[in-house]
Amino acid sequence: MQKNSNLIFILLALGLFVGWQLLGAYLWPQKPPRPADEPPVAQADDKQGEKKDGAAAKPVVKAPDAGKALAPAPADEPGDDTPVVLGGDNWHLDVTLTPRGAGVRRLVLNDFQQARADGQPEWLDEKKKIKKPLELIPEDKNRDVASFLFYHYPNPTYEDYPLDTLGRRVWKRVEPAEVRPGEKVGRASFETTVRGVRVTKTFTLRPRDYHLGLEVKMELVDPKATEPREFRYQMTGAHGLPIEGQFYTNTTRNALVAGVTGANEVKRVLQDQRAIAAKAGGDEVLKGDQSIRYAGSTVQYFASILAVDPRGQDDLDFLAQARPVVVTSAFRGRVLNTPLTSGEILLLDDADKKTQRKFALRHFDRDRAAPLLAQGAEAVVVSRPEVDLAGAITQVVVDVLDPEHNIPIFQDDITVAVSTAHEKGKVLRLKPGEPVVHKYVLYNGPVKVKLLEQLRLDEAVDDRAQGAPAVDDDLVAFYRDDLHLSTLTDYPSSWFGQTFAAIGLTGLVIWLTNVLHTVLWSMHHVIPAYGVCIILLTVTVRALMHPFSRKQAKMTMKMQELAPELKKLQEKYKNDKPALGAAQMELYRKHGANPLGSCWIVFLQMPVFLALYCTLQESIHFRLAPFLWIDNLAAPDMLVRWGESIPWLSRAQDYGWMLYLGPYFNLLPVIAAGLMIAQQKLTMPPPADEQQAMQMKMMKYMMVFMGLMFYKVAAGLAIYFIASSAWGFAERKLLPKKKPGDATMPPAETKPTLVQKLLQRLETTRREALGDAGAVAATNGSAAQAPASQQAGIGRGGKKKRRPGSPAAAPEEPTGWWAETTAKFRGWWAEVLRQAEKR
């Protein structure tokens, strides 16, 4: 049985290896060649799709990914494009709005620190005293094309793609709506007119909010309009969210869309940036039997979500579809021409070494990238599609990057676009003098909304003292319950598989994750170092499991003591496998041993391990939390930087390869792997033969492989492994030692386990089939020497005899298909054992 358990472990490890390779192929797919005639994002000019009388016409050029970034064009109407700032240092958000497109150009989370691409914290001073605030919507990614833009469709009842006109136009800033007395709120309004419809976008922000309020007002102002006019629009989400820890993270940018059914059940769809980029666009999510309530982008710790505001509007079902779209794409390759003289880049794609891609240097500073644009040089080209008035499509260069320090997958950018219905009878109908207003909540904050409850003010702000809650409980409840943003993380997905979800494992992990968030935050009030809190949590968990782990350790020691006896049995019954199995089970029964008793404690810890892993993946408290030499407990410990020039291990072009470790040497995973190997050596019984010795060597190699897989895990998780292994060593040392006289004592008889009973039953059946009564008696531990038929109470003629004083005979077994099937199975099994006995 010990060999069987080793074999099972090896098969599971090999399955994990194959699964990891398949998962890697899914997470880091090679980009397929983009079709040469792939259309761009949106039509370039409003006039191409409209008639002079204002009636909509079928557009000339279509695009599949509305809302992609296009180069800025001259304003369609004169106006002041000076940015407008809402919020400030003492507010949770600092927002810069741009009149060009009336969108968000920059958004800063003042309560969180910026992190570099390698996961290290950023500072504003050399002494590392002043933290740099987190720029969730970065200005350099939104300068040309902002976030949260409004597009209109040239033909509202035609399933087409919107024009990008309103995203390039400079909207007129109007006086903000009147603010109630005593209310502190920032407000900015922009308006423009298209197809006789005046569109007004009003942004609002309050000091303690983690969201922008957005009101979209549509009014039919065409003086010639006497009948209702159909109108359809699209809103885009945020883009350019920064990805932290690019060499170790498994989370890039995710696109999420959620709807609510009539039974108030939330259905969420998650699409990964890698899959979106590989397909040049995500899958469309239609309303169906649900109303779309939110859509947006998330990174590992933060989210930017466009949600329907349930306050103050009766109709919450005005969004008909949502789709993730690609904003920019990055490709690594070799430059085949001289771009600085030709005005374009001809790139041989590194993905397949065959595809040649052409990019225009139309709106790009050539001098800045001159060293990277020499003929024959390697470069990473970031581009976006652009369309001219004739409908020609061009990939325009956004940036050229050094391939030794940039991984293309992290330069891809996505957003999510939502739009209203286009079907007859469902499209918006604007009537003169009856404006239509749609309200949104633009949430920008932690992806784990529940953690907003734990934020505290670092200093006195307004009328709030230091240490007061940073966010009102009612507002957190509004985000979590009314907007359903709790499903950004707490959603039973199929990450663990549909089977695990069906048995409730995902729900258990979610519950444990929330418990660990609360426990660790409570510990932090007493102990400032989160690393110490993790150690105390590990000790607490292992202490609660001590009765089980102690039994496991004692069972392991007992199996080691029985190793010589098992070896003797293997030599005695080397040609009789059934007899060997029966003898081994008899030996286990006499000594109270269970060959599988040393494995199940690992499965008990598995939900806790998964919950801690999810906690580190979500917690804004562990993010950038220091401990010892570690700057970020949610990242690898990064003890020594060994650079990005080591082949196969740290080069950017080797990212995605199994042996890619990144530019840092991490000490904690090495210690954790070493302790696990040592613990395995101490707990495993000595090999009884060469086959078991080979299996143990393979298990040791698999441990090394597991160490490579976990090399880039968060430092907090590595601390958990180390503390857990150290507890196991201490627990083993504290076990009572065997006394010298114990060896002569007869082993205590214990009750057989369920497995032992099953094997005894099968062995009894085999012996009955062979007619060996003595073997049956020995197998059952009985001293009786009667034939098997007499032990079973069967008399001559095949009839059961009633023993004196025994209860009346039980009724005869029922007949039918079950009895026939059981009889056939018993006969087949007896024949198998009979043939095995002959061999």
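Residues numbered from 1 in each chain as written. Predicted model: local features only at pLDDT ≥ 70, side-chain atom pairs only at ≥ 80, totals over all residues. Heavy atoms only, no water.

1. Considering the overall build of the chain
Reasoning step 1: A count of helical and extended segments in the chain gives 20 helices and 26 strands.
Reasoning step 2: The buried share among the 839 residues of the chain stands at 50%.
Reasoning step 3: Counting only contacts in the chain whose residues sit at least 6 apart along the sequence, the fraction spanning at least 24 positions is 69%.
Reasoning step 4: Just so you have it, the chain exposes about 41100 Å², and 57% of that area is on carbon and sulfur atoms. (Helix = DSSP H or I, 4+ residues; strand = E, 2+ residues; numbered from the N terminus. Buried < 20%, exposed > 50% of the residue type's maximum accessible area, 1.4 Å probe, protein only. Contact = heavy atoms within 4.5 Å. Areas by Shrake-Rupley, 256 points an atom, 1.4 Å probe, with all protein chains shown as cover.)

2. Notes on the environment of Glu344
Reasoning step 1: Within the element layout of this structure, Glu344 appears in strand β18 (residues 344-349).
Reasoning step 2: In this structure the C-alpha to C-alpha distance between Glu344 and Leu361, which are 17 residues apart in sequence, comes to 5.3 Å.
Reasoning step 3: What Glu344 contacts, discounting residues up to four positions off in sequence, is Asn337, Pro339, Lys358, Phe359, Ala360 and Leu361.

3. A short note on the packing of aromatic side chains
Reasoning step 1: Applying the stated criterion to the full structure yields 17 aromatic pairs.
Reasoning step 2: Relative to Phe231, the ring of Phe150 has its centre 6.5 Å away and its plane inclined at 15°; by these criteria the two rings are stacked. You can see Phe150 sitting in strand β5 (residues 150-152) and its partner Phe231 sitting in strand β10 (residues 229-231), a full 81 residues away along the chain. Here Phe150 matches Phe231 in class, with each residue buried.
Reasoning step 3: Plain terms: the ring middles of Tyr655 and Tyr660 are 5.5 Å apart, the flat faces sit at 80° to each other, and that makes the pair edge-to-face. Each member of the pair, Tyr655 together with Tyr660, is buried.
Reasoning step 4: Here a set of aromatic residues connected by ring pairs shows up, and it is made of Phe150, Trp171, Phe231 and Tyr233.
Reasoning step 5: Geometry around Trp171 places Lys201 over its ring, the cationic atom sitting 5.7 Å from the centre.
Reasoning step 6: Over the aromatic face of Tyr664 sits the side chain of Arg641, whose NZ or CZ is 5.3 Å from the ring centroid. (Phe/Tyr/Trp six-rings, centres within 6.5 Å; stacked < 30°, edge-to-face > 60°. Lys NZ or Arg CZ within 6 Å of the ring centre and 35° of its normal.)

4. Structural notes on helix α8 (residues 505-526)
Reasoning step 1: With 22 residues, α8 extends 32 Å from end C-alpha to end C-alpha; this agrees with the ideal 32 Å at 1.5 Å per step.
Reasoning step 2: Restricting attention to buried positions, one finds in α8 the residues Leu505, Thr506, Val509, Ile510, Leu512, Thr513, Asn514, Leu516, His517, Leu520, Trp521 and Met523. (Expected span 1.5 Å × (residues − 1).)

5. Considering the packing of α8 against helix α9 (residues 530-544)
Relative orientation and spacing of two packed helices are given, respectively, by the angle between their axes and the distance between those axes.
Reasoning step 1: Axis separation between α8 and α9 bottoms out at 9 Å; the angle between their running directions is 125°. If you check the angle between α8 and α9, you find them oblique. For the pair α8 and α9, the sense of crossing is right-handed. Of α9, the residues touching α8 (which contributes Leu516, Val519, Leu520, Trp521, Met523 and His524) are Tyr530, Cys533, Ile534, Leu536, Leu537 and Thr540.
Reasoning step 2: Considering only residue class, the contact of α8 with α9 consists of 10 nonpolar, 2 polar and no charged. (Axes fitted to C-alpha atoms, helices over the stretch in contact; angles between N-to-C directions. Parallel < 35°, antiparallel > 145°, perpendicular 65-115°, else oblique. Left-handed = near helix turned anticlockwise from the far one by under 90°. Nonpolar A, V, L, I, M, F, W, Y, C, P; charged D, E, K, R; others polar.)

6. Notes on the pairing of strand β4 (residues 133-137)
Reasoning step 1: Burial within β4 is extensive, with 4 of its 5 residues counted as buried.
Reasoning step 2: Where strand β3 (residues 103-113) meets β4, 4 bridges bridge the pair, whose relative direction is antiparallel. Opposite Gln113, over in β4, you have Pro133 as the bridge partner. (Pairing = 2+ DSSP bridges.)

7. Observations concerning the pairing of strand β22 (residues 413-419)
In the case of a regular strand, side chains alternate between the two sheet surfaces.
Reasoning step 1: Judged by how many residues are buried, β22 sits mostly within the fold: 7 of 7 residues are covered.
Reasoning step 2: Residue alternation in β22 divides its side chains into two sets, Asp413, Thr415, Ala417 and Ser419 and Ile414, Val416 and Val418, and both sets are buried.
Reasoning step 3: Bridging between strand β11 (residues 233-236) and β22 involves 3 bridges; their strand directions are antiparallel. Residue pairing for β22: Thr236 is matched across the bridge by Ala417.
Reasoning step 4: Pairing of strand β17 (residues 321-335) with β22, which is carried by 7 bridges, proceeds in the antiparallel orientation. Across the sheet, Ala322 pairs through a bridge with Val418, a residue of β22.

8. So, the nonpolar core
Reasoning step 1: Counting 137 residues, the largest nonpolar core has Tyr210, Tyr440 and Tyr479 as its most contacted members.
Reasoning step 2: Of all hydrophobic cores here, the second largest spans 13 residues; its members include Phe331, Leu373, Ala379 and Val400. (Core = buried A, V, L, I, M, F, W, Y, C linked by side-chain atoms within 4.5 Å.)

9. Brief notes about the pattern of salt bridges
Reasoning step 1: On inspection of all chains with the given rule, the structure shows 27 salt bridges.
Reasoning step 2: The partner of Lys132 in a salt bridge is Glu122, and the shortest N-O contact between them spans 3.6 Å. Note that Lys132 is positioned in the loop between β3 and β4 and Glu122 in the loop between β3 and β4, a separation of 10 residues in sequence.
Reasoning step 3: With a relative accessible area of 28%, Lys132 lands in the partly exposed category.
Reasoning step 4: In this structure, the salt-bridge partner of Glu453 is Arg480, at a minimum N-O distance of 2.8 Å. Note that Glu453 is positioned in the loop between β24 (436-446) and α6 (473-482) and Arg480 in helix α6, a separation of 27 residues in sequence.
Reasoning step 5: Since its relative accessible area comes to 23%, Arg480 is described here as partly exposed.
Reasoning step 6: Here the residues in one salt-bridge network are Lys450, Glu453, Arg480 and Asp481, joined through shared partners. (Salt bridge = Lys/Arg side-chain N within 4 Å of Asp/Glu carboxyl O.)

10. Some words on the sheet that holds strand β2 (residues 93-98)
Reasoning step 1: One open sheet holds the 4 strands; their spatial order is β1-β2-β3-β4, and the pairing between them is antiparallel. In the strand order of this sheet, the two ends are held by β1 (84-87) and β4, each with one partner. The mean inter-strand angle of the sheet, taken between neighbouring strand axes irrespective of direction, is 20°.
Reasoning step 2: Summarising the sheet, β2 and β3 pair through 6 bridges and their orientation is antiparallel. Among the inter-strand pairings, Leu93 is bridged to a residue of β3, identified as Leu109.

11. Considering a nonpolar patch on the surface
Reasoning step 1: A contiguous nonpolar surface patch, about 370 Å² in accessible area, is contributed by Leu628, Trp629, Leu639 and Val640.
Reasoning step 2: Within the fold, Leu628 resides in the loop between α13 (600-618) and β25 (640-641). (Patch = residues over 30% accessible without salt bridge, like charges linked within 9 Å, V, L, I, M, F, W, Y side chains within 5 Å.)

12. Points about the environment of Ala379
Reasoning step 1: Mapped onto the fold, Ala379 is located in strand β20 (residues 378-387).
Reasoning step 2: Residues Ala379 and Glu404, spaced 25 residues apart in sequence, show a C-alpha to C-alpha distance of 8.7 Å.
Reasoning step 3: Non-local contacts of Ala379, meaning those with residues more than four positions away in its chain, are made with Phe331, Arg332, Gly333, Val335, Leu347, Leu372, Val400, Leu401 and Pro403.

13. Here's the deal with the confidence of the model for the chain
Reasoning step 1: When pLDDT is averaged along the chain, the result is 77; 73% of the residues meet or exceed 70.
Reasoning step 2: Considering only residues more than four positions removed or in separate chains, one finds that residues 741-750, a stretch of pLDDT under 50, has 8 contacts. (pLDDT = per-residue confidence, 0-100.)

14. Observations concerning the sheet that holds strand β9 (residues 211-220)
Reasoning step 1: Spatial ordering of the open sheet is given by β6-β7-β8-β9-β24-β16-β15-β12-β13, a layout of 9 strands whose pairing is antiparallel. The open sheet is flanked by β6 (172-174) and β13 (266-272), the only strands paired with a single partner. With direction set aside, neighbouring strand axes in the sheet form an average angle of 20°.

15. Here's the deal with the side chain of Gln321
Reasoning step 1: Looking at where Gln321 falls in the secondary structure, it is placed in strand β17.
Reasoning step 2: Side-chain polar atoms of Gln321 contact the side chain of Glu284, separated by 3.4 Å. (Polar contact = N/O pair within 3.5 Å; in protein donor to acceptor, adjacent residues only side chain to side chain.)

16. Digging into unusual backbone geometry
Reasoning step 1: With phi around 55°, Arg195 is a residue other than glycine that occupies positive phi space.
Reasoning step 2: Following the sequence through the fold, Arg195 ends up in the loop between β7 (186-194) and β8 (197-205).
Reasoning step 3: The class of Arg195 is buried, set by a relative accessible area of 9%.
Reasoning step 4: A positive phi is found at Leu624, a non-glycine position, where the angle reads about 65°.
Reasoning step 5: Inspection of the secondary structure assignment puts Leu624 in the loop between α13 and β25.

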